[in-house]
Amino acid sequence: MAETTAQQTVEIGYGGTERLVMNMGPQHPSAHGVFRAILTLEGETVVAVDAVIGYLHRCHEKLAENLTYVQYPSIASKTDYVSAMTAELAYVAAVEKVGKIDVPKRAQQLRVLVAELQRIASHCLWLGTWCMDMGGALGGGATIFLYAIRERELVLDLFESLTGARLLYGFHQVGGVRYDVPAGWAERCRQTIDLIGRRVDEYEAMLEDNPFFLVRTQGVGVISRELAQDVGVCGPLIRGSGIPYDVRRTEPYSSYQDFDFKVPVETAGDCFARYRVRMVEFRESIKIVRQALDGLAEGPISSRPGVKSVGQVRIPKGEGYTRIEGARGEVGCYLVADGGAKPYRLKWRGASFSNLAVLPYIIPGHKIADVVAIMGSVDPVFGEVDR
Amino acid sequence: MSPLVYHALVGFVVLNAVIGMVTYVTLLERKFAARMQSRIGPYYVGWPHGWLQPIADALKLMMKEDIVPRAADRWVYNLAPLAFLVPCILVFATIPFAPGLGVADLNIGVLFFLAVSALEIVGLFMGGWGSNNKYALLSAMRAVNQIISYDLPFIFAALVPVVLAGSLQLSVIVEAQRAMYGAFVFYPVLGQLAFVAFLVATLAAENRVPFDILEAESELVAGFRVEYSGMKFALIQLGEYAHMIATSFLGALLFLGGWLGPGPAWMGPVWFLLKAVVVFLVVTWVRWSFVRIRVDQILAISWKLLLPATLVLLMATALVVALRSTGGA
């Protein structure tokens with residue numbers, strides 16, 4: 001069922017006969033990177049969309065074969081550069097699973113801590129860019145964008161004092177994490193998330209009390225429950241379509257089972273539902289960060305020594321798949337080890353990649369303006385799509 | 001001095017004043033938007049607070065390469081910025097800045113303003129068509145849709161004070177609003193509602209968010225001006241801002257009593273300018289806080305809400321005026 005409807009040109013009683021084929025991207029203000037959508041238009045209405053990806057392909061999986069287990073985590077962060085912490089985590093978790101390496105309690109909690117902070121930062125960027133898609137760089141959208149970026153900066157400041165980097169961290173290492181929390185950091189972190197929690201209320205007030213925002217998002221780009229399952233979307237998309245699927249809950253990793261949090265679910269499946277899911281996730285992430293800070297166990301931060309040489313981690317022959325819940329959904333990493341210091345083969349499963357696959361099903365029938373709204377609500381990061 | 005020379009002289013002064021205002025209104029808007037977005041805005045070019053920035057921008061635009069796409073319809077493409085700019089500047093001809101201070105205080109001032117400002121669509125469509133660009137074409141299509149839909153409510157809203165004052169001459173309309181102690185009557189209810197409708201229609205007529213589907217840079221990149229560069233782009237920008245200022249002036253004249261205000265007579269133009277700036281900033285405030293709406297929703301707002309509302313308002317105003325005149329007689 002799935003393949004045929006995507007290829008089909010949806011016929012809409014528009015009356016006009018002339019069609020216009022328009023390229024949106026790969027260079028386009030709301031391409032979120034380098035996405036190319038070939039739109040077939042009848043007037044303003046999109047009747048067919050052809051999605052082209054691959055403009056940001058950097059041979060990540062091949063790179064992984066040529067870099068050691070010590071080197072690659074800081075490259076793994078470049079797959080999803082907006083949510084680098086979770087990308088690194090997926091890789092090191094796969095290595096630890098294949099190598100049967102234990103991770104100390106404190107390291108696990110630190111991983112949860114940074115993953116949730118990263119989710120907040122990533123959702124900030126999503127909110128800003130999505131509103132900019134709908135509101136324009138010369139309008140109200142830019143206002144929300146700058147507010148959201150202001151909050152994202154606060155989280156990045158925290159990461160900077162933790163790891164020394166603001167975008168691509170290299171925080172995780174096989175067996176634990178590389179850096180411990182510096183003095184006074186926990187207090188700063190608490191203040192920051194309190195502030196962000198208040199600011200999220202402000203965004204909600206600014207957006208949800210705004211009828212123009214509501215008419216642009218409600219009922220637009222509806223992903224039905226069946227479609228979500230057929231295509232295999234994940235993350236906020238599938239939760240916006242009424243399926244309570246969250247890897248943190250269904251298959252807890254890195255001590256997520258110890259934390260108390262809700263998995264938000266909306267049933268409408270439209271852009272607004274996805275927005276609501278992410279807004280609740282902001283709060284849930286803040287809750288998890290608080291719990292992690294409160295209950296941070298004492299002890300070592302890694303079961304393995306710090307980096308002395310690039311080839312120091314060797315894991316036995318074997319293979320394994322780990323998945324974690326990134327900011328955009330399920331990030332998977334399939335690793336085949338041959339006993340050396342480098343993986344034999346690595347396969348990434350990017351959340352944005354499978355989420356993007358839903359676009360050809362939901363875009364036809366909408367106006368051009370909705371295309372960017374739907375694109376933004378999917379929240380693709382093209383580093384993760386093309387890898 | 002012959003009237004011809006006098007008018008030419010005044011026209012020259014007003015034209016340059018308009019260009020000066022456009023230059024600095026961009027700085028005003030950028031500073032205002034920056035404050036809303038918790039930024040600082042232009043800062044480094046010129047002390048204090050980047051007051052030379054507009055000059056630098058203008059110089060930069062003049063020095064940019066003028067690109068004409070090979071596939072463009074050269075005549076239409078090259079003429080479009082002028083066809084867009086001229087009506088936008090021309091509307092200033094009828095705006096009185098104080099009693100007797102203006103190029104020509106026509107007895108059909110409001111009509112002239114509305115008629116001429118509607119002409120800008122020609123230049124806009126020429127630009128969109130002549131660029132031979134799909135984004136520009138779509139934008140031109142949207143422009144025609146939008147201007148047709150919003151000119152009517154705009155005109156009906158502007159006619160409310162005309163009916164109340166009983167004249168199309170802008171200076172007479174202003175004098176009709178004179179109240180005690182140099183204040184102005186902000187026509188209760190009818191005029192105030194009309195002012196709100198006027199502001200909404202203004203947003204659409206000026207192509208500002210939430211009605212900026214023409215430019216819609218997240219969808220159509222830059223709309224009808226996507227292919228323009230250098231001075232041609234600057235002319236379009238100039239026209240757009242001139243139109244915006246002119247509409248702010250018109251709003252101040254029609255609804256906010258123009259130059260009426262406390263203080264001596266020479267304060268008149270100052271009051272007028274202040275009121276126009278307030279109108280401009282209200283529009284800017286809306287622009288920087290809303291998201292853009294879709295083309296079908298824009299048309300729905302116009303035809304289903306704004307047009308009937310302004311029409312009813314105009315009829316109510318006419319009724320009030322008719323009752324008042326019979327009651328008085």
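In this text the structure is predicted, and so the values were computed from the model without any measurement.

(A) Seen up close, the overall build of chain B. For chain B, the helix and strand inventory stands at 11 helices and zero strands. Ordering the α and β elements of chain B from the N terminus gives α-α-α-α-α-α-α-α-α-α-α. Taken over the C-alpha trace, chain B has a radius of gyration of 20 Å; the compact-globule value for 329 residues is 20 Å, and the two agree within 12%. Oriented by its inertia axes, the alpha-carbon framework of chain B measures out at about 70 × 50 × 45 Å. Once local pairs closer than 6 in sequence are excluded, the contacts in chain B between residues at least 24 apart make up 78%.

(B) Structural view of the domain arrangement of chain A. Residue and element names in this part refer to chain A. Taken domain by domain, chain A holds domain 1 (2-52) and domain 2 (60-386). The C-alpha-based centres of domain 1 and domain 2 are spaced at 29 Å. With 21 residues of domain 1 at the interface, the matching set in domain 2 holds 22 residues. Here the side of domain 1 that touches domain 2 takes six residues from strand β3 (residues 45-52), the largest share from any one element. Here the residues of the side of domain 1 that touches domain 2 are counted per class, giving 15 nonpolar, five polar and one charged.

(C) Structural context of the sheet that holds β3(A). Residues and elements named next belong to chain A. With antiparallel pairing, three strands are arranged side by side in an open sheet as β1-β2-β3. Two strands close off the open sheet at either side, each with one partner strand: β1 (20-24) and β3. If you compare each strand with its neighbour and ignore which way they point, the axes differ by 25° on average.

(D) Broad picture of helix α4 (residues 109-118) of chain B. All names here are of chain B. Every buried residue of α4 is accounted for by Gly109, Val110, Phe113 and Ser117. End-on view of α4: buried residues confined to an arc of 100°, all on one side of the axis. On its buried face, α4 is in contact with α3 (74-90), α5 (120-130), α6 (134-165), α7 (170-176) and α9 (230-255).

(E) Structural context of the interface of chain B and chain A. Listed as interface residues are 24 residues of chain B and, on the opposing side, 31 residues of chain A. The element best represented in the side of chain B that touches chain A is helix α11 (residues 295-328) of chain B, accounting for three residues. When grouped by side-chain class, the residues that make up the side of chain B that touches chain A number 10 nonpolar, five polar and nine charged.

(F) Highlighting the confidence of the model for chain A. All names here are of chain A. Residues of chain A with pLDDT of at least 70 account for 95%, and the chain-wide mean is 85. Confidence scores differ between elements of chain A, with helix α1 (residues 2-7) showing the lowest mean pLDDT of 44 and helix α12 (residues 271-294) the highest of 91. Low confidence marks residues 1-14, where pLDDT is under 50. Its contacts with residues over four positions away, or in another chain, come to 20 contacts.

(G) Here's a closer look at the environment of Asp338(A). Residue and element names in this part refer to chain A. Tracing the backbone shows Asp338 in the loop between β7 (329-337) and β8 (343-349). On the basis of neighbour count, Asp338 is assigned to the partly exposed category, with 13 C-beta atoms found within 10 Å. Each C-alpha atom of the pair Asp338 and Pro316 lies 6.6 Å from the other, and the pair is 22 residues apart in sequence. For Asp338, the contacting residues outside a window of four places in its chain are Lys317 and Tyr344.

(H) Seen up close, the sheet that holds β7(A). Residue and element names in this part refer to chain A. Spatially, the three strands line up as an open sheet ordered β6-β7-β8, and their pairing is antiparallel. Looking at strand neighbours, the two that pair on one side only are β6 (318-326) and β8, the edges of this open sheet. Here the strands of the sheet are splayed against their neighbours by 15° on average, with no regard to which way each runs. Taken together, the six bridges between β7 and β8 define a ladder with antiparallel strand orientation. Paired with Leu335 across the bridge in β8 is Leu346. Across the sheet, helix α4 (residues 84-99) lies against β6 and β7, angled at about 150° from β6, the strand it touches most.

(I) Expanded view of the pairing of strand β2 (residues 36-42) of chain A. All names here are of chain A. Going residue by residue along β2, you find Ala37, Leu39 and Leu41 tucked away on one face and Arg36, Ile38, Thr40 and Glu42 left uncovered on the opposite face. Of the strand pairs in this sheet, β1 and β2 are connected by five bridges, and their pairing is antiparallel. Note on β2: the bridge partner recorded for Val21 is Thr40. Pairing of β2 with β3 involves seven bridges; the strand directions are antiparallel. Residue pairing across strands places Ile38 opposite Asp50, the latter belonging to β3.

What counts and what doesn't
Residues numbered from 1 in each chain as written. Chains lettered and ligands numbered in written order. Predicted model: local features only at pLDDT ≥ 70, side-chain atom pairs only at ≥ 80, totals over all residues. Helix = DSSP H or I, 4+ residues; strand = E, 2+ residues; numbered from the N terminus. Rg over C-alpha atoms; globule rule 2.2 N^0.38 Å. Contact = placed C-beta atoms within 7 Å. Domains from an automatic or database assignment. Nonpolar A, V, L, I, M, F, W, Y, C, P; charged D, E, K, R; others polar. Pairing = 2+ DSSP bridges. Axes fitted to C-alpha atoms, helices over the stretch in contact; angles between N-to-C directions. Buried ≥ 20, exposed ≤ 12 C-beta atoms within 10 Å, placed from the backbone. Arc of directions from axis to C-beta. pLDDT = per-residue confidence, 0-100.

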